[in-house]
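A structural walkthrough
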Amino acid sequence: MTTPEKDFRLTITPDDPRAPDRVRRLRELGIGDDPDPEFDDLAKQLTEITGAPYAMVNFIDEDRQYFAGLAAPDGGDASQALAGAEPPPEVGREMDRDHGYCPHVVVRGKALVLGDVCDYPRFAGNPVVDKIGIRSYMGAPLIDDDGNTLGTVCVVDTETHEWGRPGLDVIKEMAAKVMDRIRERKKQGEM
C-alpha cells in the first residue's frame, strides 16, 4: 500500500527505470559525488551566456541530484546589499530527486525549455518554485556513447524567460561540451 505522500511524488517526478544503469555508469566514471572545478567553470560560462543566475552540471542517481558543476549568485553580493534587495536563496550541491526539472530531462532523454514554469501545471507545483523561487528552466541531457543519460546541464532563473531556439541551442551545445570533456578524461585515464 502506498502513502498519499508517495503518490503525490510520483505525479511530479517521472518513473525512472534506467536509474540503476545510470548509477552503475556514474560509479564506473567516478563522477557525480564531488564538486568538479572544470564543471563549475562550465556552469559559470553558462550563466554568462544566458544571463540566468543559476547553472548546474547535474548527475542524478536513484534518490538525489548532485551538482558537480554549480554557478550561483553570492549571497553577500555588495550590489544587492546596496540596492536593499533580498539575498538570493542559497543553493547547495545536492537536491532531492523529486525537486526540480532535471529528472524529467533525464527520463525524456531530450531537452526541456520552460519559459515560465507556472504555465505548466505539472511543473508549477514543484517544490523549487516556492523554495528557491524558480520561474524558468532550460536543461539538456548528458548522454554517453552507450545511450546512458547521466544527468543534465541546466540553467534556472527567478524571472521568466523567452529562451527560444537560441537558448535551446546554447544548452545543447554546453551539454555536448560536458560530454566531450567526460570522453576526454576517460580516454586519458582520468576517470
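Residues numbered from 1 in each chain as written. Predicted model: local features only at pLDDT ≥ 70, side-chain atom pairs only at ≥ 80, totals over all residues. Heavy atoms only, no water.

**Description of the nonpolar core**
Counting residues in each nonpolar core, the largest one holds 29 residues, and the members touching the most others are F59 and V153. If you list the elements that add at least two residues to this core, you get α2 (19-29), α3 (37-50), β1 (54-60), β2 (64-71), β5 (136-143), β6 (149-157) and α8 (164-187). The leading source of residues in this core is α8, at 7 residues. Filtering out sequence-adjacent residues up to four positions away, V153 remains in contact with L46, M56, V57, M138, G139, A140, L142, I171, M174, A175 and V178. (Core = buried A, V, L, I, M, F, W, Y, C linked by side-chain atoms within 4.5 Å. Buried < 20%, exposed > 50% of the residue type's maximum accessible area, 1.4 Å probe, protein only. Helix = DSSP H or I, 4+ residues; strand = E, 2+ residues; numbered from the N terminus. Contact = heavy atoms within 4.5 Å.)

**Digging into the side chain of T47**
With respect to the helices and strands, the residue T47 is situated in helix α3. Owing to a relative accessible area of 11%, T47 belongs among the buried residues under this scheme. From its side chain, T47 meets the backbone oxygen of K44 in a polar contact 2.7 Å long. (Polar contact = N/O pair within 3.5 Å; in protein donor to acceptor, adjacent residues only side chain to side chain.)

**Let's talk about the pairing of β2**
The buried fraction of β2 amounts to 8 of the 8 residues, a majority that puts the element mostly inside the structure. Remark: 3 residues form the turn of the hairpin made by β1 and β2, two consecutive strands paired antiparallel. Sheet topology places β2 next to strand β3 (residues 94-96); 3 bridges connect them, and they run antiparallel. Residue R64 lies in a different strand from β3, and its bridge partner there is D96. (Pairing = 2+ DSSP bridges.)

**Considerations on the sheet that holds β2**
Across the sheet, which stays open at both edges, the 6 strands sit in the order β3-β2-β1-β6-β5-β4 with antiparallel pairing between neighbours. Two strands bound the open sheet, and with one partner strand each, they are β3 and β4 (112-114). Averaged over all pairs of adjacent strands, the angle between strand axes in this sheet comes to 25 degrees, irrespective of strand direction. Of the pairings in the sheet, the one linking β1 to β2 comprises 6 bridges and is antiparallel in character. For A55, the partnering residue across the bridge sits in β2 and is A71. Of the strands in this sheet, β1, β2, β5 and β6 are in contact with α3, which crosses β2 at around 70 degrees. Sheet contacts for α8: β1, β4, β5 and β6; angle to β5, the most-contacted strand, approximately 35 degrees. (Axes fitted to C-alpha atoms, helices over the stretch in contact; angles between N-to-C directions.)

**Points about the pattern of salt bridges**
In total, this model carries 17 salt bridges according to the counting rule given. With a shortest N-O distance of 2.7 Å, E38 and R181 are connected by a salt bridge. Of this pair, E38 sits in helix α3 while R181 sits in helix α8, and the two are 143 residues apart along the sequence. Note that E94 is salt-bridged to R64, the shortest N-O span being 3.5 Å. Taken together, the positions of E94 in strand β3 and R64 in strand β2 put the pair 30 residues apart, joining distant regions of the chain. Residue classification places E94 among the exposed residues on the basis of a relative accessible area of 52%. Look at R64 and you get buried, because its relative accessible area is 17%. A single salt-bridge network, built from bridges that share partners, covers D36, E38, R181, E184 and R185. (Salt bridge = Lys/Arg side-chain N within 4 Å of Asp/Glu carboxyl O.)

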